[in-house]
Amino acid sequence: MSAKITFLKQCLEEVLYRHLEQKLAQAIAAFLRKRYPAATLPKIVIEQPPKVELGDFAVPLFPFAKPLRSAPLKIAESIRTEIGNIEGIAEMNVASPGYLNVKIDRAWMAAALASDRKPAAERPSGKILVEHTSINPNKAAHIGHLRNAILGDTFVRLLRYAGREVDVQNYIDNTGVQVADVVVGFTYLEKKTRAEIEALTRRPRFDYYCWDLYARVSQWYEQDGQNQQARAETLHAIEDASSETAAIADLISSAVLRRHLETMGRLDIEYDFLPRESEILHLHFWDAAFAKLKDAGVLTYETEGKNTGCWVMRRAGTGKVENTEDTGDAQEISEEDQKVIVRSNGTVGYVGKDIAYHLWKFGLLGRDFGYRKFYRYPNNHECWISAVRGELHHPHFGGVSEIYNVIDARQSEAQSTVIEALRELGHKEAADHYTHFSYEMVALTPRCAAELGYTLSEEDKMRSYIEVSGRKGFGVKADDLIDQLVISAKREVDSRHPQLADDERQDIATQIAIGALRFFMLKFTKQSVIAFDFKDALSFEGETGPYAQYAVVRANSIFKKGEVDLDGFCGSLGQSISADELAKFFSRENGDEFWELWLAAGKTSYIVDQCISTTEPAHLAKHAFELAQLFNTFYHRHPILTEPDEKKKQFLLATVALVRRELIRILEVTGVTVPPVM
RNA sequence: GGGCGCGUAGCUCAAACGGAUAGAGCACGGGAUUUCUAAUCCCGGGGUUGCAGGUUCGAGUCCUGCCGCGCCUACCA
């Protein structure tokens, strides 16, 4: 409940730049409609000119030439001279070969920015569900999982910044072969009793233990095909929830899950609800979904071919043959386009379970989980888990209007199949509001793999990256990477601030490490495979999190050294300097440079919007870096505390305060906090 | 074979919806007044955006073909 109050507060953030852009587009559209009532107008696209001197918005008019039967330059000129006043717009210029460049009234916008005043934003309604992390609870998290969780968590923060209400879910596949394999490891290889395993789960990094054991089991299977029998038996035993094996599996998966929550907790990543596959099975979600799927004719029963006796669905993306609409749902699906949903032995595959789960997400299943408390974060935030018999009082999850699933690109086909199933069940709205937030994997550079002690084939050495494999125990564990980052940040902090207490230095090092890691995972666009290398990941210079953190630290230190009360100054930013004064500084020497910085600082909401509509958080990391970069240049060129002109000093301080405020906001959305000193 | 994605500077990556001179970081070379701490800043070289066509006022971006690479394509989850 307390979390919801923060959403409301945050959706009041400034939206000036975005607001102006919309107003401009509307004004131009209205003007052109009035002037050329007969013409059908193309969409007005607003861009940004390559240089600040040219203006703040650019409107290319080439697409209007044909429908308006006029040269782009002439259209631009007529808009410029005839459109009249638009609040916040100072001037327009025509630029060849056909742009209308628009300048914002700098003093007007700066005054609004300084006082953090903003027009009311429209408040979208409807709850959003973001699912991310979803690590099999049988081994330690690795760097690939970090990318998933950081992308997902950042997206959650973006949505909340934009005023949306969000539930965060982490789906736990606790009944699959992966968990069974570790159970096999404990029971067959190590011959441990339940009590002994229980004792092990209380050891510090139980997930590391499982990581190694899982790799050993995989090897054991390879040694002798007969050993696979142990897996089959174990899987079967787990199905009976009251069995000893099921109890062991639950013990292991719960302990590993707890470890995953701790690992992600180190990065300030939290979840609201952990739906588990075991409850999807035991609460018979599939039965309900199966009935609906059969009724709607989404599934077909195969009576011939290799899938005889199976219920199948058309594999997504294999497109139906055209011109056969009237044959209705009886259309044959060629064998290779069939996706088996229910096997001939009557058991359901994971896509089927996923369909049921997603019907629940949208509140379309007619069943619900039981809920029980599972994990309490240091800030008292409660994380719930699914249960067959839950607690009487619990929050409500599911039944949302929009979902985002952060799942790597390898699952694209399965995700599309689930979406198709929803659509064919007649839930078009749901299908349209189902977004597979797809991203590429994190792989290792050959050099990194060699550093980790793996021997590579000649073929592998030629590759630009090598896929990690949990099954082989090949990869970089998340906690190891975080530890290394903290150690190397600590070394730097120790040498820079020997006068500080050790725990203080440790805190600072941790913030820097997390900043570096989160930024590192965000600066790549989703589609790009990250070829992981310790050298790049451990870097604290250049385009990194610490670079952006450092800019804020510098801003803070100006206030500290200058003995200016930071809170007081920032709180009354709006009054400390008049609009007339602002106008002077933006028009005099360095005016463009100052304005560029103010403008960049004013774009936070604009960038957040872009990140949401493109489901691409990388833009935000990029923007944080660019703003920090502009600030650092400004910092070097304009000594502030020694500035003799008091008015100018106030202006420079206001600039610092504004950039600081926005940079902190942006970093908060990326999940990066700023240490007191660096 | 089919589906999805990728190919941009020596390396790692940007450039949403086609737009103005394709940008950063790293690496390399040179420099920064005793300062609001240099985890910083400035300058420099570096590019036929895989290849060939097409669409148009305009293509790294869209279309077609080719070349190279990756992932998916199980009655595993």
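Residues numbered from 1 in each chain as written. Chains lettered and ligands numbered in written order. Predicted model: local features only at pLDDT ≥ 70, side-chain atom pairs only at ≥ 80, totals over all residues. Heavy atoms only, no water.

Asker: Looking at this model, I keep getting lost on helix α27 (residues 604–613). Mind explaining?
Answerer: Residues three or four positions apart in an α-helix share a direction because the helix packs 3.6 residues into each turn. Taking burial as the measure, the 10 residues of α27 include 7 buried ones, the bulk of the element. Those residues of α27 not exposed but buried are T604, S605, Y606, I607, V608, C611 and I612. One or two steps after α27, the chain reaches T615, where phi turns positive at roughly 40°. (Buried < 20%, exposed > 50% of the residue type's maximum accessible area, 1.4 Å probe, protein only. Helix = DSSP H or I, 4+ residues; strand = E, 2+ residues; numbered from the N terminus.)

Asker: Any chance you could explain the domain arrangement of chain A here in plain terms?
Answerer: Interface size is commonly expressed as the accessible surface area that is lost when the partners come together. Segmentation of chain A into domains returns domain 1 (16–104) and domain 2 (299–362). Computed from C-alpha atoms alone, the centre-to-centre distance between domain 1 and domain 2 is 51 Å. (Domains from an automatic or database assignment.)

Asker: Would you take a moment to explain unusual backbone geometry for this structure?
Answerer: With the exception of glycine, the majority of residues adopt a negative phi angle, and the majority of peptide bonds are in the trans configuration. For the peptide bond that leads from S96 to P97, omega is 10°, which places it in the cis range. Within the fold, P97 resides in the loop between β2 (89–95) and β3 (99–104). Backbone geometry at R69 places phi at a positive 50°, although glycine is not the residue there. In this fold, R69 is placed in the loop between α3 (62–68) and α4 (72–82). We classify R69 as exposed; its relative accessible area is 77%. At N590, a position not held by glycine, the phi torsion is positive, near 65°. Along the chain, the position of N590 falls in the loop between α25 (579–587) and α26 (591–601). For N590, a relative accessible area of 26% puts it in the partly exposed group.

Asker: Would you explain the sheet that holds strand β1 (residues 57–60) in this entry?
Answerer: Through backbone hydrogen bonds, the strands of a sheet pair up, either in parallel or in antiparallel fashion. Taken in spatial order, the 3 strands of this open sheet run β1-β3-β2, and their pairing is antiparallel. The two strands at the open ends of the sheet, each matched to only one other strand, are β1 and β2. For this sheet, the mean inter-axis angle between neighbouring strands, taken without regard to orientation, is 20°. Bridging between β2 and β3 involves 6 bridges; their strand directions are antiparallel. Residue pairing in the sheet places V94 in a bridge with L100 of β3. (Pairing = 2+ DSSP bridges. Axes fitted to C-alpha atoms, helices over the stretch in contact; angles between N-to-C directions.)

Asker: I keep staring at the packing of helix α5 (residues 106–114) against α25 and nothing clicks. Help me out?
Answerer: When two helices pack together, their arrangement is captured by the angle between the axes and the distance separating the axes. Orientation of α5 relative to α25, taken along the N-to-C sense of each, is 125°, at an axis distance of 8 Å. Taken together, the axes of α5 and α25 lie oblique to each other. Crossing of α5 against α25: the hand is right-handed. Residue-level contacts link R106, A107, A110 and A111 of α5 to A579, L582, A583 and F586 of α25. Class assignment for the residues of the contact of α5 with α25 results in 7 nonpolar, no polar and 1 charged. (Parallel < 35°, antiparallel > 145°, perpendicular 65-115°, else oblique. Left-handed = near helix turned anticlockwise from the far one by under 90°. Contact = heavy atoms within 4.5 Å. Nonpolar A, V, L, I, M, F, W, Y, C, P; charged D, E, K, R; others polar.)

Asker: Just checking my understanding: could you explain the protein's contact with RNA strand B for this structure?
Answerer: Of all residues adjacent to RNA strand B, which total 65 residues, the nearest are Y99, D173, R343, T525 and Y635. Close to the protein, within 4 Å, the atoms of RNA strand B are drawn from sugar and phosphate at a rate of 62%. The side chain of N101 places a nitrogen or oxygen atom 2.9 Å from a base nitrogen of RNA strand B. Within the side chain of Y606, a nitrogen or oxygen atom sits 3.4 Å from a base nitrogen of RNA strand B. Within the residue set of the surface near RNA strand B, elements represented by two or more residues are α3, β3, α14 (350–361), α19 (478–496), α22 (545–561), α27 and α28 (618–637). (Near = heavy atom within 4 Å. Polar contact = N/O pair within 3.5 Å; in protein donor to acceptor, adjacent residues only side chain to side chain.)

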